Amino acid sequence: MEHQERTTALASLAEYGLRYTPHVSLAGDSLFFDLTEVGHLVREELSFVLSLLQECHARGFFPVWIAIADTPQAAWAIVHLAFPELDVPLSRAWIVPPGKSWQWVKSLPVEALQIGEEGHRICHELGCHRLEDVERIPLSEWRDRLGEEFVVKFQQLRGEREEILPPYQPQPRFEEHVWLDHPTSVRDILDVYLFGVLQKLEDGLLRENQGALELSIELQCEDNSQFSFNVGFFQPTASAARFSTLLQLRMENIRLSASVVAIRAIVLCAAPLERKQPYLFSEDGLPPQSQDWEDLLERLAARLGRERVCRAFLEADHAPESATRWESCLGLRGKRRRIEEYSKGPETSHPRPLFLFNRPITLETVAGIPSGVPYCVHYRGQALVITRCWGPERIETGWWRGQPIARDYYRVELDNGQHLWIYRCLDTGRWFLHGVFG
Amino acid sequence: MSSSDVFTPSGGAFSAPRDEVIDSLRRQIEAISAQRLPHRSEGISTGIPEVDALLPQRKVSRGCFVEWVVEREGMGAETLSMKMAWHATTGNRFLVIVDSSRTIYPPGLAYLGVALERVVFLHPASEQDAFWAIIQILRCSAVGAVWARLARLDTKTGRRFQLAAEQGQTLGVFVRPLQALQEISWAEMRFLAEPQPLHFVGESSQRRRVKVTVLRAKGQWEQISGEVEIDDPADPLSQNSEGPVRVGGHRAVGVLRA
């Protein structure tokens with residue numbers, strides 16, 4: 001099969017899989033179907049595998065290897081590494097009993113962990129040739145050597161950490177386009193044309209009982225420039241009025257360089273209208289999504305940009321700059337987060353400031369002894385006396401990132417009552433202001 | 001209201017002593033204001049008992065915004081105001097933090113006891129976007145509180161904040177610079193935070209003392225001050241010192257009437 005033909009066939013196979021599960025992911029030459037919580041659609045795994053094999057053969061895929069396991073990583077490992085020495089044109093399938101995935105894969109080579117050639121080389125150098133060998137070394141040491149990514153992959157393979165696969169996004173099937181009678185940059189006229197396009201889109205979606213989760217608008221201008229912007233929705237939406245409301249917010253920040261000659265609207269991601277989105281937050285005692293709350297987040301994301309409306313997750317990283325991971329709220333739709341995922345920060349009894357500067361600020365200091373804590377700092381043009389000081393908290397980390405840090409942090413109180421978080425760089429001896437306690 | 005209680009500018013037959021007349025008028029205004037004050041069952045605690053004690057109704061209303069004024073960052077206003085905002089999310093509401101400078105540090109919030117799973121962060125690119133976002137957030141009934149540091153706030157926008165908060169029954173908590181005291185404000189309450197020296201604690205304690213002055217509150221005629229200690233959770237003197245992190249308690253040293 002030619003490459004393009006293969007890609008197209010894989011895409012159609014992915015769309016075929018959507019009838020069984022909404023969570024389909026395409027990665028390279030592998031298709032992932034998440035069968036969690038679709039027991040009402042996939043009643044028996046063996047029947048599912050047989051149907052899938054039949055469908056694959058009908059679409060020209062042969063041989064096909066299919067594995068059902070507890071985790072995506074385990075399934076991938078089995079399909080790619082279980083019988084590497086075989087080269088016979090036979091389709092194969094493995095169904096791992098629930099809870100037994102680790103037992104099946106632990107004897108597979110460490111290449112089952114998709115961590116890159118360098119990572120595999122280090123594993124072999126350490127005498128770890130199989131997955132079960134990895135267990136002989138504590139995870140904290142693996143973290144120090146190969147970084148958090150290795151630990152994450154290993155835990156995901158064992159099912160100890162959730163793995164989120166990027167969802168397959170089929171080619172847009174809902175697309176409408178209009179050429180303006182006369183080029184214009186007048187907002188009122190553009191709004192009328194845009195609403196007309198959105199109404200056609202709405203008709204197309206409703207015909208197929210689909211709703212948009214992400215919508216893209218492209219404005220083609222006279223000078224061949226193009227403006228495009230996206231809006232996202234928590235629930236599948238097929239309402240031109242709703243599209244228009246959020247798009248208006250987005251367009252307020254757009255300055256057109258020339259008159260618009262054409263407008264195109266494309267649904268980038270769609271889902272059946274009747275499908276109920278799961279809660280944004282974990283069900284563990286946290287509030288379910290109210291319509292007001294979702295509407296608010298959609299409006300905020302439409303106007304400010306989706307990356308500016310975020311949730312924060314603590315990372316198990318001692319480097320202060322790396323202790324937080326930000327995710328767009330709209331990117332979390334349909335994904336459950338356990339409460340523990342928000343608070344995975346490293347255990348520490350040391351206080352943390354309420355504000356952290358994006359870049360540490362160099363401080364001019366006056367100290368009694370070269371290696372001592374300064375008794376005076378120059379901050380914002382003022383000389384301020386340090387009246388109290390707590391520390392040091394030594395943080396040395398990040399060597400594997402190529403940017404190691406070695407710092408002694410202090411919390412200091414100034415004579416004007418401010419509480420600052422400062423540190424001395426152990427390499428250079430210089431002092432920096434990193435944060436402020438509110 | 002009897003005629004003998006009314007002061008006539010002409011100073012006619014009812015020329016009662018000026019002080020008595022002023023006192024009488026004040027009592028009448030207090031009586032009218034008291035009818036408009038939220039009932040004790042409405043409104044919420046600030047989450048800081050010592051600040052509650054300073055307020056006329058011991059509570060702050062939902063459906064309004066408050067301002068914490070401070071000379072500089074790092075003097076305790078942000079911690080206390082964040083505590084107030086977080087407390088307003090009881091009942092499983094959300095806290096939205098509007099942070100244009102992107103300097104709010106989530107581990108610091110967690111250190112204060114804020115549960116990040118109920119917090120959303122906004123990073124608007126401009127002041128205009130920030131104001132627009134705050135109005136939207138205040139209108140949403142699923143929000144408990146919105147917190148932001150605002151260097152400037154014109155009266156028109158402040159009025160919009162007030163109306164939006166009334167509509168959504170949310171609480172806006174804003175930290176303002178000292179210059180804000182020169183501005184007309186639509187805030188329901190205004191607090192001034194001033195750090196105070198703390199001399200008698202052990203060297204290892206990171207506790208801070210902050211003098212909080214209620215500059216304005218409905219039903220209040222004079223400024224009232226009190227002191228709040230922000231406890232260090234790791235402080236062995238603190239009741240909450242059971243290891244890393246959780247909410248610091250607060251303890252008043254005294255209530256001073258300015």
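Residues numbered from 1 in each chain as written. Chains lettered and ligands numbered in written order. Predicted model: local features only at pLDDT ≥ 70, side-chain atom pairs only at ≥ 80, totals over all residues. Heavy atoms only, no water.

### Here's the deal with the sheet that holds strand S5 (residues 175–184) of chain A
Residue and element names in this part refer to chain A.
Reasoning step 1: Here we have four strands laid out as an open sheet, ordered S5-S8-S6-S7, and antiparallel in their pairing. Two strands close off the open sheet at either side, each with one partner strand: S5 and strand S7 (226–237). The average angle at which neighbouring strand axes cross in this sheet is 15°, direction not considered.
Reasoning step 2: In terms of strand pairing, strand S6 (residues 210–221) meets S7 through eight bridges, oriented antiparallel. Bridge pairing links glutamate 214 to glycine 232 in S7.
Reasoning step 3: Each of S6 and S7 touches helix H10 (residues 240–251); the most contacted strand, S7, lies at about 140° to it. (Pairing = 2+ DSSP bridges. Helix = DSSP H or I, 4+ residues; strand = E, 2+ residues; numbered from the N terminus. Axes fitted to C-alpha atoms, helices over the stretch in contact; angles between N-to-C directions. Contact = heavy atoms within 4.5 Å.)

### Here's the deal with the pattern of salt bridges
Reasoning step 1: Enumeration according to the criterion identifies 28 salt bridges over all chains in this entry.
Reasoning step 2: Ionic pairing is found between A:Arg143 and A:Glu148, a salt bridge with its closest N-O pair at 2.5 Å.
Reasoning step 3: You can call A:Arg143 partly exposed: its relative accessible area is 23%.
Reasoning step 4: Assessed through its relative accessible area of 24%, A:Glu148 is described here as partly exposed.
Reasoning step 5: Note that B:Arg152 and B:Glu127 form a salt bridge whose closest N and O atoms lie 3.1 Å from each other. Pair noted here: B:Arg152 is in the loop between strand S4 (143–149) and helix H6 (155–168) and B:Glu127 is in helix H5 (residues 127–138), with a separation of 25 residues, a long-range link.
Reasoning step 6: Residue class for B:Glu127 comes out partly exposed when judged on its relative accessible area of 35%. (Salt bridge = Lys/Arg side-chain N within 4 Å of Asp/Glu carboxyl O. Buried < 20%, exposed > 50% of the residue type's maximum accessible area, 1.4 Å probe, protein only.)

### Considering the interface of chain B and chain A
Reasoning step 1: Listed as interface residues are 57 residues of chain B and, on the opposing side, 56 residues of chain A.
Reasoning step 2: Summed over both partners, the interface of chain B with chain A comes to about 4,800 Å²; 61% of that surface belongs to carbon and sulfur atoms.
Reasoning step 3: On the chain B side of the contact with chain A, B:Tyr105, B:Glu117 and B:Trp132 bury the most area, a combined 16% of that side's loss.
Reasoning step 4: Joining chain B to chain A, the criterion identifies one salt bridge.
Reasoning step 5: Here B:Asp129 ties to A:Arg303 by a salt bridge, and the two come within 3.1 Å at their closest N and O atoms.
Reasoning step 6: Taken together, the connections running from chain B to chain A amount to 18 residue pairs in polar contact (both at pLDDT 80 or more).
Reasoning step 7: Elements with a minimum of two residues in the side of chain B that touches chain A: helix H3 (77–87), strand S2 (94–98), helix H4 (106–112), strand S3 (119–122), H5 and S4 of chain B.
Reasoning step 8: Considering each element in turn, the side of chain B that touches chain A owes the most residues, seven residues, to H4(B). (Buried area = accessible area lost by both parts, 1.4 Å probe. Polar contact = N/O pair within 3.5 Å; in protein donor to acceptor, adjacent residues only side chain to side chain.)

### Some words on a nonpolar patch on the surface
Reasoning step 1: Among the surface-exposed residues, A:Leu46, A:Leu50 and A:Ile95 lie close enough to one another that they form a single nonpolar patch of about 250 Å² accessible area.
Reasoning step 2: Tracing the chain through its elements places A:Leu50 in helix H2 (residues 45–58). (Patch = residues over 30% accessible without salt bridge, like charges linked within 9 Å, V, L, I, M, F, W, Y side chains within 5 Å. Areas by Shrake-Rupley, 256 points an atom, 1.4 Å probe, with all protein chains shown as cover.)

### Looking at the sheet that holds strand S13 (residues 382–397) of chain A
Residues and elements named next belong to chain A.
Reasoning step 1: The strand order around the closed barrel formed by six strands is S11-S12-S13-S14-S15-S16, and the pairing between neighbours is antiparallel. Averaged over all pairs of adjacent strands, the angle between strand axes in this sheet comes to 45°, irrespective of strand direction.
Reasoning step 2: Across five bridges, the pairing between strand S11 (residues 355–366) and strand S16 (residues 431–437) is antiparallel. Within the sheet, the bridge partner assigned to leucine 363 lies in S16 and is tryptophan 431.

### Some details on unusual backbone geometry
All names here are of chain A.
Reasoning step 1: Backbone torsion omega between glycine 391 and proline 392 reads 5°, so that peptide bond is classified as cis.
Reasoning step 2: Its place among the elements puts proline 392 in strand S13.
Reasoning step 3: Positive phi outside glycine occurs at asparagine 209, with the angle close to 55°.
Reasoning step 4: Mapped onto the elements of the fold, asparagine 209 is located in the loop between helix H9 (187–207) and S6.

### What about the nonpolar core?
Taken as a class, soluble globular proteins show a tendency for nonpolar side chains to be buried jointly.
Reasoning step 1: Formed by 67 residues in total, the largest nonpolar core has its most connected members in A:Leu215, A:Ile217, B:Leu122, B:Ile137 and B:Phe161.
Reasoning step 2: Considering every element that reaches this core, the biggest residue donor is H5(B), with eight residues.
Reasoning step 3: Not counting residues up to four positions away in its chain, the partners in contact with A:Ile217 are A:Leu194, A:Leu198, A:Phe227, A:Ser228, A:Phe229, A:Leu247, A:Ile263, A:Arg264 and A:Ala265.
Reasoning step 4: Core analysis: the next-biggest nonpolar cluster, separate from the first, contains 60 residues, A:Leu384, A:Leu414, B:Val70 and B:Phe191 among them. (Core = buried A, V, L, I, M, F, W, Y, C linked by side-chain atoms within 4.5 Å.)

### Focus: the pairing of strand S15 (residues 419–425) of chain A
Residue and element names in this part refer to chain A.
Reasoning step 1: Counting buried positions along S15 yields seven of seven residues, so the element is predominantly enclosed.
Reasoning step 2: On S15, burial covers both faces: His419, Trp421, Tyr423 and Cys425 on one face and Leu420, Ile422 and Arg424 on the other are all buried.
Reasoning step 3: Where strand S14 (residues 405–414) folds back on S15, the antiparallel hairpin that results is connected by four residues, among which glycine 417 adopts a positive phi of roughly 95°.
Reasoning step 4: Bridge count between S15 and S16: six bridges; the pairing is antiparallel. Looking at S16, one finds that arginine 424 is bridged to tryptophan 431.
Reasoning step 5: Counted along the chain from S15 to the antiparallel partner S16, the turn is five residues long, and its residue glycine 429 has a positive phi close to 80°.

### Some words on the packing of H5(B) against H6(B)
All names here are of chain B.
Reasoning step 1: For the pair H5 and H6, the least separation of the axes is 7 Å and the interaxial angle reads 25°. By the angle between their directions, the pair H5 and H6 is classed as roughly parallel. Contacts between H5 and H6 pair Phe131, Ile134, Ile135 and Leu138 from the former with Thr157, Arg160, Phe161, Ala164, Ala165 and Gly168 from the latter.
Reasoning step 2: Of the residues assigned to the contact of H5 with H6, the class counts are seven nonpolar, two polar and one charged. (Parallel < 35°, antiparallel > 145°, perpendicular 65-115°, else oblique. Nonpolar A, V, L, I, M, F, W, Y, C, P; charged D, E, K, R; others polar.)

### Notes on the packing of H9(A) against H10(A)
Residue and element names in this part refer to chain A.
Reasoning step 1: Interaxial distance between H9 and H10 falls to 9 Å at its minimum, and their mutual angle equals 140°. Taken together, the axes of H9 and H10 are oblique relative to one another. In this structure, the crossing between H9 and H10 has a hand that is right-handed. On H10, the residues touching Arg187, Asp191, Leu194, Phe195, Leu198, Gln199, Glu202 and Leu205 of H9 are Ala240, Ala241, Phe243, Ser244, Leu247, Gln248 and Met251. (Left-handed = near helix turned anticlockwise from the far one by under 90°.)

### Examining H3(B)
Reasoning step 1: Counting buried residues in H3(B) gives ten out of eleven residues, a clear majority hidden from the surface.
Reasoning step 2: Where H3(B) is concerned, the buried positions are B:Ala77, B:Glu78, B:Thr79, B:Leu80, B:Ser81, B:Met82, B:Lys83, B:Met84, B:Ala85 and B:Trp86.

### Comments concerning the side chain of A:Gln210
Residue and element names in this part refer to chain A.
Reasoning step 1: Positionally, glutamine 210 belongs in strand S6.
Reasoning step 2: By relative accessible area, glutamine 210 is classed as buried at 13%.
Reasoning step 3: When residues no more than four places from it in sequence are discounted, the contact partners of glutamine 210 are Arg173, Phe174, Leu205, Ala238, Ala270, Ala271, Pro272 and Leu273.

### Some points on the confidence of the model for chain B
Detailed reading of the predicted model is not advised wherever pLDDT is low.
All names here are of chain B.
Reasoning step 1: With 76% of its residues at a pLDDT of at least 70, chain B reaches an overall mean of 80.
Reasoning step 2: Per-element averaging of pLDDT across chain B places strand S9 (residues 250–257) at the bottom with 28 and strand S5 (residues 171–177) at the top with 97.
Reasoning step 3: Here residues 1–9 is a poorly scored stretch, pLDDT under 50, and it has eight contacts once near neighbours within four places are set aside; other chains count.
Reasoning step 4: Scored below 50 in pLDDT, residues 236–258 shows 61 contacts in the model against residues more than four places distant or in partner chains.
Reasoning step 5: The ipTM assigned to the predicted complex is 0.78, against a pTM of 0.66. (pLDDT = per-residue confidence, 0-100.)

### As for the side chain of B:Arg93
Reasoning step 1: Looking at the element boundaries, B:Arg93 is found in the loop between H3 and S2.
Reasoning step 2: There is no salt bridge for the buried B:Arg93, and the closest opposite charge comes from A:Asp292, which lies 9.7 Å off by N-O distance.
Reasoning step 3: Setting aside residues no more than four positions away along its own chain, B:Arg93 makes contact with B:Arg62, B:Ala88, B:Arg118, B:Ser141, B:Ala142, B:Val143, B:Gly144 and B:Gln169. (Lys, Arg positive; Asp, Glu negative; His and termini not counted.)

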